[in-house]
Amino acid sequence: MASVSVSHMILFIASMLVAASVAGVFTDTVGQLSGAIDDQGLQVSQDVRTDIEIISDSGSTAVYNASGNDDLVLHVKNTGSQRLPADGESINVFVNGQFETDVNVTLIGDAPSWRPGEVVRLEISEALATNSDHRVKVIVNGDEEVFEFRT
């Protein structure tokens with residue numbers, strides 16, 4: 001009878017060790033999942049509060065080659081609820097599907113930063129075919145705006 005209780009005790013101890021190991025793995029996994037959800041929630045919050053509008057007139061001659069330097073100039077307004085970085089690294093620009101790396105960003109007026117309601121001017125040096133339709137996509141914090149015009 002004593003050998004039966006020793007074997008039961010061994011099984012009990014073994015099952016407790018297995019349960020403790022599983023609990024440790026679950027605790028670590030839940031912690032990692034919680035951290036990932038927090039990070040994703042912050043990104044979603046930024047995406048929701050970010051909104052931009054391209055306010056340039058697609059029929060205006062000021063959009064392309066107004067200076068004679070084959071430059072594309074767009075005005076983009078921050079219509080969201082958060083301050084946005086006004087630099088070429090935070091704003092992604094595609095012209096006719098081609099990613100542009102040389103984008104000059106200038107705040108309009110005397111604004112110290114790109115706050116809600118403020119406008120930036122994007123200047124892109126890009127030779128475009130004349131008498132053709134063109135498409136520009138501007139992306140900030142996941143918010144995408146498309147501007148189509150004809151040269």
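To be clear, the structure that these remarks concern was listed above.
Residues numbered from 1 in each chain as written. Predicted model: local features only at pLDDT ≥ 70, side-chain atom pairs only at ≥ 80, totals over all residues. Heavy atoms only, no water.

A. Examining the overall build of the protein chain more closely. When helices and strands are tallied, the protein chain shows 1 helix and 8 strands. Going residue by residue from the N terminus, the α and β elements of the protein chain occur as α-β-β-β-β-β-β-β-β. Of the contacts made within the protein chain by residues no fewer than 6 positions apart, 59% connect residues no fewer than 24 positions apart. Working note: accessible area of the protein chain is about 9500 Å², and carbon and sulfur atoms make up 55% of it. (Helix = DSSP H or I, 4+ residues; strand = E, 2+ residues; numbered from the N terminus. Contact = heavy atoms within 4.5 Å. Areas by Shrake-Rupley, 256 points an atom, 1.4 Å probe, with all protein chains shown as cover.)

B. Region of the structure containing the pairing of strand β3 (residues 91-95). Here β3 shows one buried face, formed by Ile91, Val93 and Val95, and one open face, formed by Asn92 and Phe94. As judged from the 5 bridges shared by β3 and strand β7 (residues 133-140), these two strands associate in the antiparallel manner. Opposite Phe94, over in β7, you have Lys137 as the bridge partner. Pairing of β3 with strand β4 (residues 98-100) involves 3 bridges; the strand directions are antiparallel. Bridging across to β4, Val95 finds its partner in Gln98. The hairpin turn running from β3 into β4, its antiparallel successor, is 2 residues long, and Asn96 in that turn takes a positive phi close to 50°. (Buried < 20%, exposed > 50% of the residue type's maximum accessible area, 1.4 Å probe, protein only. Pairing = 2+ DSSP bridges.)

C. Spatial organisation of the side chain of Asn78. Within the element layout of this structure, Asn78 appears in strand β2 (residues 71-78). Overall, the relative accessible area of 1% leaves Asn78 in the buried class. Each residue touching Asn78, except ones within four places of it in the same chain, is listed here: Asp51, Arg83, Leu84, Trp114, Arg115, Pro116, Gly117 and Glu118.

D. Layout of the nonpolar core. Leu122, Val136 and Val138 are the most contacted members of the largest nonpolar core, which has 23 residues in total. For this core, the secondary-structure elements that each account for two or more residues are β1 (52-54), β2, β3, β5 (103-107), β6 (119-125), β7 and β8 (143-150). If sequence neighbours within four positions are ignored, Val136 has contacts with Leu72, Leu74, Val93, Phe94, Val95, Glu145, Val146, Phe147 and Phe149. (Core = buried A, V, L, I, M, F, W, Y, C linked by side-chain atoms within 4.5 Å.)

E. Geometry of the sheet that holds β8. Taking strand neighbours across the sheet as the criterion, the 4 strands line up as β4-β3-β7-β8 in an open arrangement whose pairing is antiparallel. Two strands bound the open sheet, and with one partner strand each, they are β4 and β8. Along the sheet, successive strands turn relative to each other by an average axial angle of 25°, direction set aside. (Axes fitted to C-alpha atoms, helices over the stretch in contact; angles between N-to-C directions.)

F. Layout of the sheet that holds β6. The sheet built from 4 strands is open, its strands ordered β1-β2-β6-β5 with antiparallel pairing. Of all strands in the sheet, those with a lone pairing partner are β1 and β5, marking the two edges. Along the sheet, successive strands turn relative to each other by an average axial angle of 30°, direction set aside.

G. A look at the environment of Ser60. Relative to the assigned elements, Ser60 resides in the loop between β1 and β2. Classification of Ser60 as partly exposed rests on a relative accessible area of 29%. Counting along the chain gives 89 residues from Ser60 to Phe149, while the straight-line C-alpha distance between them is 9.0 Å. Reaching out from Ser60, the side chain makes a polar contact with the backbone nitrogen of Ala62 at a distance of 3.0 Å. (Polar contact = N/O pair within 3.5 Å; in protein donor to acceptor, adjacent residues only side chain to side chain.)

H. Structural context of the pattern of salt bridges. Using the criterion set out here, one finds 5 salt bridges in the structure. With a shortest N-O distance of 3.1 Å, Glu123 and Arg121 are connected by a salt bridge. A relative accessible area of 26% means that Glu123 is categorised as partly exposed. In this structure Arg121 comes out as partly exposed when scored by relative accessible area, which is 26%. (Salt bridge = Lys/Arg side-chain N within 4 Å of Asp/Glu carboxyl O.)

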